Amino acid sequence: MDNVLHIIGGGMAGSEAAWQAANMGVHVVIHEMRPSVKTFAHRTGDLAEMVCSNSFRSDDDEQNAVGLLHWEMRAANGLIMAMAHENRLPAGGALAVDRDRFAQSVTARLLDHPNITVQHDEITQLPESGHWIIATGPLTSEGLGQAIAAETGTEALAFFDAIAPIVYHDSIDMSRAWMQSRYDKGDTEAERTAYLNCPMDRDQYEAFIDALLAADKTEFHEGEAESSPNPTPYFDGCLPIEVMAERGRETLRHGPMKPVGLTNPHAPDVKPHAVVQLRRDNALGTLYNIVGFQTKMKYGAQATVFKMIPGLENAQFARLGGIHRNTFLNSPTLLDAQMRLRSRPHIRFAGQITGVEGYVESAAMGLLAGRLAAAEILGQSLPPVPQDSAMGALIHHITGGAEAKTFQPMNVNFGLFRPIDGFKGGRRGRIDRYKGYTDRAKAAWGEWLAAQNMSIAS
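Residues numbered from 1 in each chain as written. Predicted model: local features only at pLDDT ≥ 70, side-chain atom pairs only at ≥ 80, totals over all residues. Heavy atoms only, no water.

Student: Explanation requested: unusual backbone geometry in the structure shown.
Tutor: Look at Ala-48: it is not a glycine, yet its phi comes out positive at around 55°. Relative to the helices and strands, Ala-48 resides in the loop between strand S2 (27–31) and strand S3 (55–58). The backbone of Met-339 sits at a positive phi, close to 70°, despite the residue not being glycine. Residue placement: Met-339 occurs in the loop between helix H10 (331–334) and strand S16 (340–341). (Helix = DSSP H or I, 4+ residues; strand = E, 2+ residues; numbered from the N terminus.)

Student: How should I be thinking about the sheet that holds S3 in this particular structure?
Tutor: Strand pairing in a sheet relies on backbone hydrogen bonds. The paired strands run either parallel or antiparallel. Spatially, S3-S5-S4 is the arrangement adopted by the 3 strands of the open sheet, whose pairing is antiparallel. With partners counted over all chains shown, the strands left at the sheet margins are S3 and strand S4 (88–89), one partner each. Alignment of S4 against strand S5 (residues 94–97), held across 2 bridges, turns out to be antiparallel. By the bridge assignment for S5, Arg-88 is matched with Val-97. (Pairing = 2+ DSSP bridges.)

Student: What should I look at first to understand the pairing of S2 in this one?
Tutor: Residues in a regular strand project their side chains so that they alternate between the two faces of the sheet. With 4 of 5 residues buried, S2 lies mostly within the body of the structure. Inspection of the sheet shows strand S1 (residues 4–8) paired to S2 by 5 bridges, in the parallel sense. By the bridge assignment for S2, Val-4 is matched with His-27. Strand direction decides the pairing type here: S2 and strand S6 (residues 116–119), joined by 4 bridges, are parallel. Bridging from a neighbouring strand, Val-28 pairs with Ile-116 of S6. (Buried < 20%, exposed > 50% of the residue type's maximum accessible area, 1.4 Å probe, protein only.)

Student: Explain the sheet that holds strand S17 (residues 344–349) to me, please; I cannot follow it from the model alone.
Tutor: Strands sit in the order S6-S2-S1-S7-S17-S16 across an open sheet of 6 strands; the sheet is mixed. Edge positions in the sheet fall to S6 and S16, since each has one partner strand and no second.

Student: Which parts of the structure should I look at to understand the pattern of salt bridges?
Tutor: Two side chains bearing opposite charge may form a pair once their charged atoms approach each other closely. One pass over the full model with this rule turns up 21 salt bridges. Here Asp-388 ties to Arg-440 by a salt bridge, and the two come within 3.6 Å at their closest N and O atoms. One end of the pair, Asp-388, is in the loop between helix H11 (359–377) and helix H12 (390–401); the other, Arg-440, is in helix H13 (residues 430–450), with 52 residues separating them in the sequence. Taking the relative accessible area as the measure of exposure, Arg-440 reaches 22% and is therefore partly exposed. (Salt bridge = Lys/Arg side-chain N within 4 Å of Asp/Glu carboxyl O.)

Student: Please clarify how the nonpolar core should be interpreted in this entry.
Tutor: Nonpolar side chains tend toward joint burial in soluble globular proteins. Counting residues in each nonpolar core, the largest one holds 78 residues, and the members touching the most others are Phe-56, Ile-80, Phe-102, Leu-368, Phe-417 and Trp-445. The leading source of residues in this core is H11, at 13 residues. If near-sequence neighbours (up to four positions away) are discounted, Leu-368 is found in contact with Met-339, Val-385, Met-391, Ile-395, Trp-445 and Trp-448. In terms of nonpolar packing, the next biggest core, distinct from the first, is built from 37 residues, Ile-172, Ala-211, Met-244 and Ile-323 among them. (Core = buried A, V, L, I, M, F, W, Y, C linked by side-chain atoms within 4.5 Å. Contact = heavy atoms within 4.5 Å.)

Student: Can you walk me through H12 in this structure?
Tutor: An α-helix turns once per 3.6 residues; consequently, residues spaced three or four apart project the same way. If you check H12, its first and last C-alpha atoms are just 14 Å apart, much less than what 12 residues at 1.5 Å a residue would give, namely 16 Å. In terms of burial, H12 is largely enclosed, as 9 of its 12 residues are buried. Buried within H12 we find Ala-390, Met-391, Gly-392, Ala-393, Leu-394, Ile-395, His-397, Ile-398 and Thr-399. Where H12 is buried, its residues touch helix H2 (65–75), H10, H11 and H13. (Expected span 1.5 Å × (residues − 1).)

Student: Which parts of the structure should I look at to understand the side chain of Ser-58?
Tutor: Tracing the chain through its elements places Ser-58 in strand S3. At 3.1 Å, the side chain of Ser-58 forms a polar contact with the backbone nitrogen of Asp-60. In this structure, Ser-58 is in contact with Asn-64, Val-66, Gly-67, His-70, Gly-93 and Ala-94, ignoring residues within four places of it in sequence. (Polar contact = N/O pair within 3.5 Å; in protein donor to acceptor, adjacent residues only side chain to side chain.)

Student: What is the right way to look at the packing of aromatic side chains in this model?
Tutor: Working definition: an aromatic ring pair is given by the centre-to-centre distance plus the angle between the planes. Scanning the entire structure with this criterion turns up 11 aromatic pairs. Every member of this aromatic cluster is reached through a ring pair, and the members are Phe-208, Phe-293, Phe-306 and Phe-317. (Phe/Tyr/Trp six-rings, centres within 6.5 Å; stacked < 30°, edge-to-face > 60°.)

Encoded structure:
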């Protein structure tokens, strides 16, 4: 059937692409290899399973670029944002979810849609005809990955991504830890106490750094180690904590272990030298993930080192951290402005494999790919995605705005937006400047949706 849209991969991007296209009246088939073919990172066969953090990051749509992306996805009737809201957990100013309930909700909504069929099969070759979106993410199967590499004529770029550990709440010593969001941020008491904090004094911090540096690390394959001639780079937005420690002993204190905006009620007159934060990982509050503690330490070393954290001396781990090799396209050279593969325009790519980083960004690119593909199938012509929107800034970056020779995965950020005249530069002017970016983006995105006769959510 020439009018069927096939989507390979049922992660964030594939799920959102299917939802958008199906709501435009196109029949969609999602090809998801799980659970028949497993990956080392996934635990279930659910669609949109979260394998790393359970957070969609900031929900501030006036001062944060990712929060603006949340707003744009909600305005476009996005499934991922709707299910995230239904399954949200207190997380200060962030949007965190119960990961299992979230994935189950997304799966149920897609299975219930009359225009969507889910097939659990593995696609290992590039299709010769039809309408396709490849949204296989960073864990693309070996067969399909080889087919993509053969077609593009170049090896896919790669970088290391990592998974943070998860701790059982009842194994945390709350006589040493306390609940507080940084700067008491949040509109409710639950939001203001969304994070669990473990303080360190100077000696404890220095001993922790020593242990991190000395711990046994994951072995690399040939060509992956940092000492090799062409090493696989880390993504700076998701560095393992050991790598951060190797860059300077104070690095972690200015990153995930920064002590600012927090007061220890057990010792209110003592300012911690560093603080480890944990964030609730499920609605029951039985699981907490250690924020920013993605790691490449071996499992035995992780248990030893993490139990040095005050309050975690007797911690029991529901999941230890890990590291994996992610792959992505050199999209500026391979994809056109419609996210189509230049050499095979019946195939689009979406999600993290295009070189965007993060759950939200991946789902956003799925949203655009689904709409663009559906419009093509229906014989419609969509106006160009406005560059002044967060969506437009991202798609412009990956399809031509980035420098191809140095292309690396990118989170959405205001650095991708076109400047606005009349606002001060630097830190002093950023509040007004960011508000200017978000106001302009909302107006542009609203006009784009209105041109498609789509309603905008309030």
